[in-house]
Amino acid sequence: MNKEEYSDSDSVSESEEHQEQVHEEEEEDNTPDIVVPERKFLKEDEDYSVPFPVMRECLVLLLQSRRILRDMMYYRFKMDRFLSGNLSVFEIQNLLHSQREDKESDWIAEIQELKRNLVSEVRRNHSLERDLNRLDKRIALLIKNRGNIQDVLADKAGLKHQKHKGEQKKPDILNDPKKLEAYQNLFYLLQTEPKYLAGLVYLIQPEQMESFLGTVILTLFGDAFTPREEFLLLSLYRLSIQKEMANIATVGDFLKADTVVPKMIITYNKRKQGTDYLKAVIGPILSNVIKQELNLELKPSAVYAAIISEQEIRTGEKSTLDRNVTDDKALEVPEVTKTIKARVDQLISICDQFLDGIVSSLNRLPYGIRWICKQIHQIAEKNFTKSTQDDILKVIGYFIYYRFIQVAMVSPEEYDLVGREIHPTARKNLINVSKVLQALFNFAQFGASEKHFMPLNSWIQSHIPEIKQYLEEIIEVGEPEDYLQVDKYMELTQKTKPVIIISLPEISSTHQLISKNLDSLVAKGEKDDPMRIIMKELDEFGPPPDVSPEDDREVQLTLTNKFQKTIEEELSPGESLLSATKEMVISLLRALPTLPEQKDSAEETPNLVEVLNKARQSDPSLEPEIKKILDNLKKLEEYNLTTSADNYASFLKAVALEVVNRAEIREQQKKEKQRLTTSLNNLRKHQKYLNEQIAQYNQYLQDCRLKHYQNKSKKKKKKGDGAKVGPFKFSFSELSKKGVIVESEVPQMTRKKIKFVISSDTVGVFDVSAKMAGIDVQTMRLELDDLLELNSIGTTTLELDQITLD
């Protein structure tokens, strides 16, 4: 730098000496050798005939430019290093000293403790939910068993056919409880793991796309707005946009290609919140335009022909004028020019109404549409580095206007925006309005191909800045976690399981699509992938079922998670130790005196261990803390989270990134604390709800049992609650004849002497005693609930000591 400044000053002084020499020569010859045109940026008292003042100023400007460029390159290089975390201990320490010292408590420790409590509460709730499900199942089995007994009695009375007359047959596709459960697991996985659907949309045939997107967006995620389903759906869109833009070279290709994402967004816009916006904002303006008897035709030859037709109607005589004239010829007619001017003013007025309505309703635009545009903008900026900001904003305008608002403007009946039939002239008016607004949102003007629209170019040009600002403000929305108040703990704290209403053809077609494309969705080596596991279970029931499209019966699926994930993996000892060690190093570096900067580039920068050892030598009071850090680093090596081979460079990089992004990380930790606390409170409320439900179910189950017994033994009912039943005595041969005893190892001679006594003192509990010569040989207790549950899973026998019962 000094050398450059020096040489520049020399050149300037040499220029001045040379200028004086040339000046002397000019006085002698009186004829200038060089004539320089007037330069406005020179001072008035300078000699314009001499080039050196110009050169001097150019040299100064060039030098300043070089300095600015060097500073910019240095700043860019420095920022790249900062963002990548490739900083020395000295740079990290300087950065820490320049930051405001943290006054907050140790949030990492608090977050870890909250997560431990959350895991504990989740386990407790899962246990309670299992108990509740078991009770629910037992109640259902008891009611079903009672119905089966009534069927037997009705069959004996010849009434079975009459009883079942008119009952609808259960859909074959869901005739097995295990198969039903597999479908519940499948659609839960599709709903909560966007990678499967994001991959599947690129594997289906074009003719299947519309019906598939209907299943995905309207069935699986619901037509109406719920925060959970909206959050999951937006996660799917983010992944789909990333996948699609990764395979496209430019913004223009993204708009021109017949890609999947635009089709997905169109389907998304047709959901309830999109149609509600259109009805509230666009609907009233459309109705106002349609009810006016307007004709906004601007093509001169068409206007000319219409004037002739009106004249013929008015006079009742056929005109002798030629209707087939060119546009230029038609414009020579004053009436045509006057009519077009009036229509241009009317068209501008209507465009103003739509534009004001669109821009002023920004805050009413559905959050999901805005967030999708934000993702498109961010991903486009990252992927299409050669595209200008205007090019990217055009993409936002394409999806907001062309694929959303304009569709409703030219076909309002699709969204039920106007309650009347649209006259062809009114529809053509709307097409002209939409065409002008489309040019505006595309930052374009009309050219020679649409010459009759060129009078609107000045209006378009004047409103382009307004549209750019509108499109920039569209993407200024927060993240779904904040706006929708949902997060990764959402699934752990739900009181009720998610439910979808889905038709049998949709179940069948989705199953067939996944089965056909499974190897493309999931690598063959990933045998433990959740999708492969579920599809393997469904394969046990045979190939995907064929359901006729006419059989459009709908069923309700209660979605269940076969692979219940917890946050325990986030509480792994390695991750917890890494976070704690980073905080210890940051606190230590903040407290240490500033390290000397390396002046000589050849001098080696001290690594983290060297800095810690020097600090220990200079201040013995730091010994315990530094020893703890070094011990932790060795433990982190055991977890493969860092290595001493590179002097813990990977760990230092993690510390650097933590410091560089300190403010953002602390804000994230603050939100994480709030979410965990909210989730924990919700879990405890849910726990109270589950306990209340279990108490109610237990009481209901007891009532069912009592009613079951009382109805069966009205005459034998004794005083009390009617729970006492029996005793009933049966011989071994009686139970064998009835088929109760299936197999037995009891000797034949002994069987004649055995009597079985069955009684019940408690509802649903049977005491069975085997007696020989009046003496109890064996006593066992059987519970009705256990027997019914075994029967429901296909277990038809019960093996006891020496005998097997049906």
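Residues numbered from 1 in each chain as written. Predicted model: local features only at pLDDT ≥ 70, side-chain atom pairs only at ≥ 80, totals over all residues. Heavy atoms only, no water.

- The name given to the protein in an unreviewed UniProt entry is Ras-GAP domain-containing protein, and the organism recorded there is Polysphondylium violaceum.

What about the overall build of the protein?
Phase 1 of the analysis: Of the regular secondary structure elements, the protein holds 30 helices and nine strands.
Phase 2 of the analysis: When the 806 residues of the protein are sorted by exposure, 41% land in the buried category.
Phase 3 of the analysis: Long-range contacts, defined as pairs at least 24 residues apart, comprise 74% of the intrachain contacts of the protein with a sequence gap of at least 6.
Phase 4 of the analysis: Carbon together with sulfur atoms contributes 50% to the accessible area of the protein, which is approximately 46700 Å² in total. (Helix = DSSP H or I, 4+ residues; strand = E, 2+ residues; numbered from the N terminus. Buried < 20%, exposed > 50% of the residue type's maximum accessible area, 1.4 Å probe, protein only. Contact = heavy atoms within 4.5 Å. Areas by Shrake-Rupley, 256 points an atom, 1.4 Å probe, with all protein chains shown as cover.)

Quick look at the packing of aromatic side chains
Phase 1 of the analysis: According to the stated counting rule, one finds eight aromatic pairs in the structure shown.
Phase 2 of the analysis: Pairing Tyr277 with Phe404 gives two aromatic rings, centres 5.9 Å apart and planes at 25 degrees, and the pair type is stacked. Taken as a pair, Tyr277 in helix α12 (residues 272-291) and Phe404 in helix α17 (residues 389-410) lie far apart in primary sequence, 127 residues in all. One exposure class covers both Tyr277 and Phe404, and it is buried.
Phase 3 of the analysis: Centroid distance Tyr401 to Phe441: 4.8 Å. Interplanar angle 10 degrees. Geometry classified as stacked. On the criterion of sequence distance, the pair formed by Tyr401 in helix α17 and Phe441 in helix α18 (residues 424-441) is long-range, its members being 40 residues apart. (Phe/Tyr/Trp six-rings, centres within 6.5 Å; stacked < 30°, edge-to-face > 60°.)

Topic: helix α22 (residues 530-539)
Phase 1 of the analysis: Residues Met531, Arg532, Ile534, Met535 and Leu538 constitute the buried set of α22. Along α22, the residues classed as buried sweep out an arc of 165 degrees about the axis, all on the same side.
Phase 2 of the analysis: In this structure, the buried side of α22 is in contact with α6 (177-192), α7 (194-200) and α21 (504-521).
Phase 3 of the analysis: Between the side-chain oxygen of the N-cap and the backbone nitrogen of Met531 there are 2.9 Å, and the N-cap of α22 in question is Asp529. (Arc of directions from axis to C-beta. Polar contact = N/O pair within 3.5 Å; in protein donor to acceptor, adjacent residues only side chain to side chain.)

Structural notes on the environment of Val742
Phase 1 of the analysis: With respect to the helices, strands and loops of the structure, Val742 is situated in strand β4 (residues 741-744).
Phase 2 of the analysis: Residues Val742 and Asp806, 64 residues apart in the sequence, show an inter-C-alpha distance of 6.1 Å.

Examining the nonpolar core
Phase 1 of the analysis: Counting residues in each nonpolar core, the largest one holds 129 residues, and the members touching the most others are Leu186, Phe187, Phe354, Ile474 and Met531.
Phase 2 of the analysis: The residues touching Phe187, leaving out its near neighbours within four places in the chain, are Leu220, Ile500, Ile502, Ile507, Thr510, Leu557 and Leu559.
Phase 3 of the analysis: Counting 28 residues, the second-largest nonpolar core is a separate cluster that includes Ile92, Leu96, Leu592 and Leu633. (Core = buried A, V, L, I, M, F, W, Y, C linked by side-chain atoms within 4.5 Å.)

As for the sheet that holds β4
Phase 1 of the analysis: Taking strand neighbours across the sheet as the criterion, the three strands line up as β4-β9-β8 in an open arrangement whose pairing is antiparallel. A strand with exactly one partner marks an edge of an open sheet, and here the two such strands are β4 and β8 (798-799).
Phase 2 of the analysis: As judged from the three bridges shared by β4 and strand β9 (residues 803-805), these two strands associate in the antiparallel manner. Bridge pairing links Ile741 to Leu805 in β9. (Pairing = 2+ DSSP bridges.)

Details of the pattern of salt bridges
Phase 1 of the analysis: As enumerated under the stated definition, the model contains 17 salt bridges in all.
Phase 2 of the analysis: We note a salt bridge from Asp519 to Arg532, for which the minimum N-O separation is 2.8 Å. Here the residue Asp519 occupies a position in helix α21, and Arg532 occupies one in helix α22, the gap between them amounting to 13 residues.
Phase 3 of the analysis: When its relative accessible area of 16% is taken as the criterion, Arg532 is described as buried. (Salt bridge = Lys/Arg side-chain N within 4 Å of Asp/Glu carboxyl O.)

Quick notes on the packing of helix α11 (residues 260-269) against α17
Phase 1 of the analysis: Between α11 and α17, the least distance of the axes is 10 Å, while the angle of their chain directions is 65 degrees. The two elements α11 and α17 cross, and the hand of that crossing is right-handed. Between α11, through Pro262, Ile265, Ile266 and Asn269, and α17, the contact on the second element is made entirely by Phe399, Arg403 and Phe404.
Phase 2 of the analysis: Broken down by class, the residue content of the contact of α11 with α17 amounts to five nonpolar, one polar and one charged. (Axes fitted to C-alpha atoms, helices over the stretch in contact; angles between N-to-C directions. Left-handed = near helix turned anticlockwise from the far one by under 90°. Nonpolar A, V, L, I, M, F, W, Y, C, P; charged D, E, K, R; others polar.)

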